Structures are given as C-alpha cells and as structure tokens.
Amino acid sequence: MDKLTANHISVSYDGVKIIEDISIELHNGEIVCLLGVSGAGKTTLFNVISGLLKPDTGKVELDGADITGKAGKVSYMLQKDLLLPFKTIIDNVSLPLIIGGLKKAEARTVASKYFEEFGLAGTEKKYPHQLSGGMRQRAALLRTYLFSDKVALLDEPFSALDTITKSNMHEWYLSVMEQIKLSTLFITHDIDEAILLSDRIYMMTGKPGKIKEEIRITEPKPRSKEFVVSEEFMNYKKQILKILEGS
Amino acid sequence: MIKKLQSIINKVSPILAITIILAVWQLLSGTGIVPKFMLPSPADVVKAFFKDFNLLMHHAKTTLVEAFLGLSLGILLGFIVAVIMDRFEIAYKAIYPVLIITQTIPTVAIAPLLVLWLGYGILPKISLIIITSFFPITIGLLDGFKSADPDALNLLKAMGATRMQRFVHIKLPSSISNFFSGLRISVSYSIIGAVVAEWLGGFSGLGVYMTRVRKSYSFDKMFAVIFFISIISLLLMMGVGLLQKAVMPWERGKAGGGE
C-alpha cells in the first residue's frame with residue numbers, strides 16, 4: 001500500500017516555476033531517493049511534503065489522509081545535522097517528543113531506549129560539539145525517527161561527511177533501517193549513494209523541476225559491500241549517467 | 001613553553017601597569033610635588049577607606065539595593081520590549097529609533113528632572129537605573145533572538161512546534177550569550193545610575209556620601225569612595241561572568257577542543 005503520495009505538485013516563486021507537476025509515491029518500509037543536480041527543486045519538493053510550503057497545485061497524502069500544508073506529520077532532516085548546541089544529545093533527540101506534548105522526563109526515557117540501537121550509547125549527556133560528524137548525524141537521524149516513525153524525509157543526510165565516514169555511515173544506516181523499517185524519502189546528488197541505499201530512484205531534472213525517470217534497484221537487502229563494485233552496480237550507474245547526459 | 005611564558009606575561013602586565021601608576025602617584029603626593037590636600041597619596045586613600053569603613057558599608061547597602069531593584073526591573077522591561085520587538089516587525093520599526101534616542105540623552109541631564117518629579121526617595125534612583133540599564137539588555141536579547149538559526153526554526157516548524165515552543169527551545173537559548181554581554185554593561189550602568197541619582201538628593205547611598213565629603217574637601221575620602229565604587233562594579237561584573245558560565249554548561253571546554 002502507498003504510505004505517502006504526492007500528486008501533481010507544482011510550485012512557482014515570483015512567477016518562476018520551481019517544480020512542475022511532480023507525482024511520487026513511497027511504499028511501506030521503502031527507501032526511495034530523489035537524485036538530481038543542484039537547483040532541480042528537490043528541497044522545494046521536500047518543503048511541500050513536510051508541510052512547510054503550500055504547493056500551488058497538488059496534494060500530499062499520508063496513509064490516505066490529506067496532509068497538504070500540514071506540518072508535523074512526516075519527519076524532516078535537513079542537510080546540516082542541526083543539533084542544538086545548547087542542548088545535550090538526549091535533550092536534542094527527545095525534542096520532537098517534547099514538542100509533541102510529552103514531559104521532559106518521559107521524553108528522555110522514551111528516547112534513551114534507542115541509543116544502543118543507533119550506536120549512540122554513552123553520548124546522552126554530551127553536547128553536540130563533543131561528538132564527531134558521523135555521531136552527530138546518527139543523533140540527528142534518531143531525532144528524525146522519534147519525530148515520526150511513519151515517514152522520514154532526509155535532505156542530503158550524509159553530504160557533509162568525509163568519504164570514509166560516509167561509507168561507514170551507509171553501512172550503519174542500512175543495518176538500522178533493517179530493524180526500524182522506516183519509510184524514507186531522501187535527497188542526494190551522489191549517484192553511488194543513491195544506488196547503494198535505495199529501492200527506487202526518481203531522477204529529477206531542473207528548471208522547472210520534473211521527474212524524468214524512475215529506476216528500480218532490484219538488488220536484495222541487506223546489501224553487502226561487494227555490491228558497490230559489482231557489475232550490476234556499474235550497469236545502474238551507466239544507466240543513470242546516460243539519463244543525466246540526455247537532460 | 002613559549003606559550004606558557006606568553007600567558008604569564010599576559011596576566012602579569014596589567015598588574016605591573018597598575019603598580020607603576022600607584023607608585024608614581026605615591027611618589028608625586030608623598031614627596032609633596034603635588035600638594036597633599038589636592039591629591040592624597042594612595043596610602044592616605046586606603047587609610048580613609050578603613051577609617052570610614054562602617055559608614056561606607058552603610059551607604060553601599062542603600063546604593064546596592066537601589067541598583068538591584070532598578071536592574072531587576074530594567075531586565076524585566078528589557079525582556080518584554082525585546083520579545084515584543086522580535087514578535088512584531090512593526091513594533092521593531094517603531095520602537096528601535098525611540099530606543100536609540102533615549103540613549104543619546106545624558107543621564108545627568110534627566111536625573112534632576114526625575115528628582116523634581118519623584119522626590120528624594122528611592123523612586124527617582126530606581127527610575128534612572130531602569131532607563132540606563134534596560135537598553136543594553138534589550139539590544140542584547142534582540143540580537144540574540146535574531147541570531148537564532150533559521151534552519152533550526154524551520155526544523156521545529158516541520159515538527160509542528162508552536163511559536164511559543166520555537167521561542168523557548170531555540171530563540172531564548174540562542175540569546176543567552178548576547179544577554180550576558182548586555183547584562184555586564186547594565187550592571188555597571190546600574191551602579192553609576194544609582195550614584196548619579198544620589199548626588200542630586202537623598203538620605204543615604206554612596207552618591208550622598210560622595211557629595212558630603214566633597215563639600216568638606218576630604219579628598220582622601222573622595223578617592224576612597226570612587227575606588228570603592230569601581231571595585232563594586234568590577235566584582236559585580238565578575239559575578240555576571242560566573243553566572244554566565246553556570247547557565248551555559250555547553251560552552252565549557254569548547255575552546256580547548258571538544259573531542
């Protein structure tokens with residue numbers, strides 16, 4: 001069943017079309033990627049789905065209910081980790097629960113259960129600046145998960161990390177996803193990352209932003225490290241590069 | 001090693017400078033190059049301070065109470081004004097120039113008016129302190145609110161946070177550092193404001209004491225009270241610094257590299 005659908009979304013700003021007639025869907029437990037060059041309107045689309053921005057036309061539905069322009073329904077992780085420097089990791093992570101109405105102590109109890117699973121044990125009382133980039137990203141992802149366990153939108157979640165940390169994070173991310181089965185829509189302009197993590201890839205082209213093609217990555221999960229250097233992987237990559245050249 | 005030496009020099013140099021000034025001063029008035037009744041020696045000033053110690057403490061109490069009340073109300077006013085100005089763009093545009101204008105009026109010019117309107121009691125003192133101390137607080141808080149990360153605010157919006165929740169979780173903590181910068185200035189303003197207001201009339205307070213010793217040409221006591229006032233201000237500013245460290249635990253150990 002479709003978890004989340006966005007139907008015929010168009011947004012213009014100052015008379016310029018940013019995205020035009022975009023329709024995408026996300027199934028339960030799926031990881032789907034929006035891949036495209038910078039300026040293709042990917043972030044704008046996320047702002048619409050998260051409810052921060054009202055589209056000119058189109059509708060966003062979550063579990064069949066209309067959530068167009070309604071914030072707080074699907075969780076959203078922005079490019080930066082955006083952990084608040086003045087809160088400890090546990091307080092940062094439990095923030096969405098507090099916003100949702102839980103008391104501070106209750107929120108902490110709920111949040112602390114996930115620290116082990118997310119590989120964050122021992123960081124509860126630390127401040128963000130005391131953590132490495134990878135750890136901060138894990139904390140941000142846990143916060144995103146606690147915000148909504150239905151659907152998560154991740155805007156270039158790993159783009160700020162160095163290559164080695166990034167590769168470790170991919171592995172970690174896939175293993176966490178195996179357990180929590182969070183339906184995820186994520187943005188990237190890293191082709192390898194898109195192929196490695198996604199079940200499906202929407203290729204976006206810009207000015208105005210449109211979905212050019214949809215690619216299904218059939219490689220079963222969990223995916224091993226060897227997948228990245230396999231022939232299937234290279235074939236996917238060739239296919240994607242061809243589409244990008246053609247646009 | 002060189003770094004260590006550098007830090008020792010950094011710490012010692014101001015002490016050295018003060019010592020030299022005091023030594024030159026002692027030499028000038030002690031040897032009679034400058035007549036003693038015009039410029040008492042540092043030793044005389046210290047003597048005068050301890051001779052009048054109890055009296056000074058009594059007056060200091062009045063001044064500190066006024067400063068404390070005035071500053072508290074100033075902070076409260078500053079906070080309210082800052083919140084309103086941050087919340088409503090129109091209020092910001094309307095109030096900001098007025099705020100600047102109030103700061104161009106010299107304290108000593110409005111103090112006599114306040115005494116005429118409000119009498120010789122504690123009211124004109126507190127009013128003057130509020131007027132002088134709320135401005136740095138307001139500006140500090142406003143800058144702090146505006147420094148809040150717009151992406152963080154958006155993130156909370158996406159979480160469905162209300163305006164109030166966004167204020168409490170992001171804007172307020174973002175403003176603490178700027179608030180304390182403002183408070184450090186306001187604390188010294190509040191002492192100065194109290195003393196200036198006391199000059200113009202009152203029954204006790206360091207300003208009243210100052211006026212009395214000036215009229216009796218006791219320059220040693222005059223200097224003693226001046227130094228006393230600056231020491232009080234310095235101690236209060238240090239207190240603000242300690243308070244800031246206590247309420248901003250996340251800033252601790254940042255400079256030394258977190259990891």
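Numbers given for residues are sequential positions, taken from 1 along each chain in its written order. All chains are assigned letters beginning at A, and all ligands numbers beginning at 1, according to the order in which they are written. Only residues with pLDDT of at least 70 are given local features in this predicted model, and only at 80 or more are side-chain atom pairs given and counted; all residues enter the totals for whole chains, interfaces and linings. Side-chain measures were taken over the full set of non-hydrogen atoms in the model, leaving aside hydrogen atoms and water.

**Student:** Before we go on, may I ask you to explain the overall build of chain A in this structure?
**Tutor:** Only DSSP runs of H or I with at least four residues qualify as helices, and only runs of E with at least two residues qualify as strands; both kinds are numbered from the N terminus onward. If you tally the helices and strands in chain A, you get 8 helices and 10 strands. C-alpha atoms define the radius of gyration in this analysis, and the globule rule sets the expected value at 2.2 Å times the number of residues to the power 0.38. Scaling as 2.2 N^0.38, a compact globule of 247 residues should have a C-alpha radius of gyration of about 18 Å, and chain A matches this with 18 Å. Principal axes of the C-alpha set define a box for chain A whose edges measure 50 × 45 × 35 Å. Relative accessibility thresholds used throughout: buried, under 20% of the residue-type maximum; exposed, over 50%; partly exposed, between the two (1.4 Å probe, protein chains only). For chain A, the proportion of its 247 residues judged to be buried stands at 52%. Any two residues whose heavy atoms approach within 4.5 Å are treated as being in contact. Here the contacts in chain A between residues at least 6 apart in sequence split such that 67% fall between residues at least 24 apart. Surface accessibility follows the Shrake-Rupley procedure with a 1.4 Å probe radius. Residue values consider only the protein chains on display as shielding. When the accessible surface of chain A is totalled, it reaches about 11000 Å², and 50% of it is carbon and sulfur. By the counting rule applied here, Lys and Arg register as positive and Asp and Glu as negative, while His and the ends of each chain are not counted. Charge coordinates come from a single atom per side chain, which is NZ of Lys, CZ of Arg, CG of Asp or CD of Glu. Distance from the positive charge centre (32 side chains) to the negative charge centre (33 side chains) of chain A: 6 Å.

**Student:** Which parts of the structure should I look at to understand the interface of chain A and chain B?
**Tutor:** Many analyses report the size of an interface as the accessible area lost when the parts associate. Of the residues lining the interface, 23 residues belong to chain A; the matching set on chain B comes to 22 residues. A quick way to say it: buried area is the sum, across both parts, of accessible area lost when two parts are put together, with a 1.4 Å probe. Of the roughly 2100 Å² buried between chain A and chain B on both sides combined, carbon and sulfur atoms contribute 70%. The largest share of the area that chain A buries against chain B comes from Phe86(A), Ile99(A) and His129(A), three residues that together contribute 33% of it. By convention in these notes, a salt bridge is any Lys or Arg side-chain nitrogen within 4 Å of a carboxyl oxygen on Asp or Glu. Where chain A meets chain B, there are 2 salt bridges. Between N or O atoms, a polar contact is any pair within 3.5 Å; within protein, one atom must be a potential hydrogen donor and the other a potential acceptor, and residues adjacent in sequence are included only when both atoms are from side chains. At the junction of chain A and chain B, the tally comes to 6 residue pairs in polar contact (both at pLDDT 80 or more). For the side of chain A that touches chain B, the secondary-structure elements that each account for two or more residues are helix H3 (95–99) and helix H5 (133–147) of chain A. The element that contributes the greatest number of residues to the side of chain A that touches chain B is H3(A), accounting for 4 residues.

**Student:** Please explain the UniProt feature "domain: ABC transporter" (unreviewed entry) in chain A as it appears in this structure.
**Tutor:** UniProt positions are given in the numbering used here, feature names are shortened, and annotations may be inferred rather than shown by experiment. Under the UniProt annotation, "domain: ABC transporter" (unreviewed entry) lies at residues 4–231 of chain A. Secondary structure content for residues 4–231 of chain A is 30% helix and 28% strand, while the C-alpha to C-alpha distance between its ends is 32 Å.

**Student:** What am I meant to see in the packing of helix H3 (residues 53–87) of chain B against helix H6 (residues 123–146) of chain B here?
**Tutor:** In a pair of packed helices, the angle between the axes and the distance between the axes together describe the arrangement. All names here are of chain B. Where H3 meets H6, the closest approach of the two axes is 6 Å, and the angle between their N-to-C directions is 40 degrees. Classed by the angle they form, the pair H3 and H6 counts as oblique. Along this stretch, H3 crosses H6, giving a crossing that reads as right-handed. For this classification, Asp, Glu, Lys and Arg are treated as charged, while Ala, Val, Leu, Ile, Met, Phe, Trp, Tyr, Cys and Pro are nonpolar and the rest, including Gly, are polar. By residue class, the composition of the contact of H3 with H6 is 19 nonpolar, 5 polar and 4 charged. In this analysis, axes come from line fits to C-alpha atoms, helices being fitted only over the stretch in contact, and the angle between any two N-to-C directions falls in the range 0 to 180 degrees. Orientation categories follow fixed angle ranges, with anything under 35 degrees roughly parallel, anything over 145 roughly antiparallel, 65 to 115 roughly perpendicular, and all other angles oblique. Handedness of a crossing is defined here by the sense of rotation of the near helix relative to the far one, left-handed for an anticlockwise turn of less than a right angle and right-handed for a clockwise turn.

**Student:** Even after reading the chapter, I still don't get the domain arrangement of chain B, so can you show me in this structure?
**Tutor:** All names here are of chain B. The source of the domain bounds is an automatic or database domain assignment. Domain boundaries assigned for chain B yield domain 1 (10–37) and domain 2 (40–251). Each side of the interface is counted separately: domain 1 has 6 residues, and domain 2 has 9 residues. Carbon and sulfur atoms supply 61% of the area that domain 1 and domain 2 bury against each other, a total of about 620 Å² over both sides. Looking only at domain 1, the three residues that lose the most surface to domain 2 are Trp25, Gln26 and Lys36, adding up to 71% of its buried area. At the junction of domain 1 with domain 2, the criterion picks out 0 salt bridges.

**Student:** It is not clear to me how the UniProt feature "domain: ABC transmembrane type-1" (unreviewed entry) in chain B should be interpreted in this structure. Could you clarify?
**Tutor:** In the numbering adopted here, UniProt assigns the feature "domain: ABC transmembrane type-1" (unreviewed entry) to residues 60–244 of chain B. Across residues 60–244 of chain B, the secondary structure splits into 88% helix and 0% strand, with the terminal C-alpha atoms separated by 25 Å.

**Student:** Mind showing me how you'd approach the sheet that holds strand S3 (residues 31–36) of chain A here?
**Tutor:** Residues and elements named next belong to chain A. Here, a strand pair is defined by DSSP locating no fewer than two bridges between the strands. The 6 strands are arranged S6-S7-S8-S3-S9-S10 in an open sheet whose pairing can be described as mixed. Both edges of this open sheet fall to strand S6 (75–77) and strand S10 (210–216), since each of them pairs with a single strand only. Strand-to-strand twist across the sheet, computed as the mean angle between neighbouring axes with direction ignored, equals 20 degrees. Note: S3 against strand S8 (residues 183–188), 5 bridges, orientation parallel. In the strand pairing of S8, Leu35 is matched with Thr188.

**Student:** How do you make sense of the pairing of strand S1 (residues 2–13) of chain A when you look at a structure like this?
**Tutor:** Residues in a regular strand point their side chains to alternate faces of the sheet. Residue and element names in this part refer to chain A. One ladder, built from 8 bridges, connects S1 with strand S2 (residues 16–27); its direction is antiparallel. Within S2, the position partnered with Ser12 by the bridge is Lys17. Where S1 hands over to S2, the hairpin turn is made up of 2 residues, of which Asp14 adopts a positive phi near 55 degrees.

**Student:** When you look at the confidence of the model for chain B in this model, what are you seeing that I'm missing?
**Tutor:** Parts of the model with low pLDDT should not have their predicted coordinates read in detail. Residues and elements named next belong to chain B. Think of pLDDT as the predictor's per-residue confidence, scored from 0 to 100. The predicted model of chain B averages 90 in pLDDT, with 97% of residues at 70 or higher. Within chain B, H3 carries the highest mean pLDDT (95), whereas helix H1 (residues 2–30) carries the lowest (87). The complex model carries a pTM of 0.82, and its ipTM stands at 0.81.

**Student:** When you look at the domain arrangement of chain A in this model, what are you seeing that I'm missing?
**Tutor:** All names here are of chain A. Domain parsing of chain A yields domain 1 (1–73 + 149–247) and domain 2 (75–147). The C-alpha-based centres of domain 1 and domain 2 are spaced at 23 Å. With 25 residues of domain 1 in contact, the opposing surface of domain 2 contributes 16 residues. Between domain 1 and domain 2, roughly 1800 Å² of surface is buried when both sides are summed, and carbon and sulfur atoms account for 62% of that area. Area buried by domain 1 at its contact with domain 2 is led by Asp155, Trp172 and Ile180, which between them contribute 28% of it. Across the domain 1-domain 2 interface, the total number found is 0 salt bridges. Between domain 1 and domain 2 we count 7 residue pairs in polar contact (both at pLDDT 80 or more) in total. Contributions of two or more residues to the side of domain 1 that touches domain 2 are made by helix H1 (42–50), strand S7 (151–155) and helix H6 (163–180).

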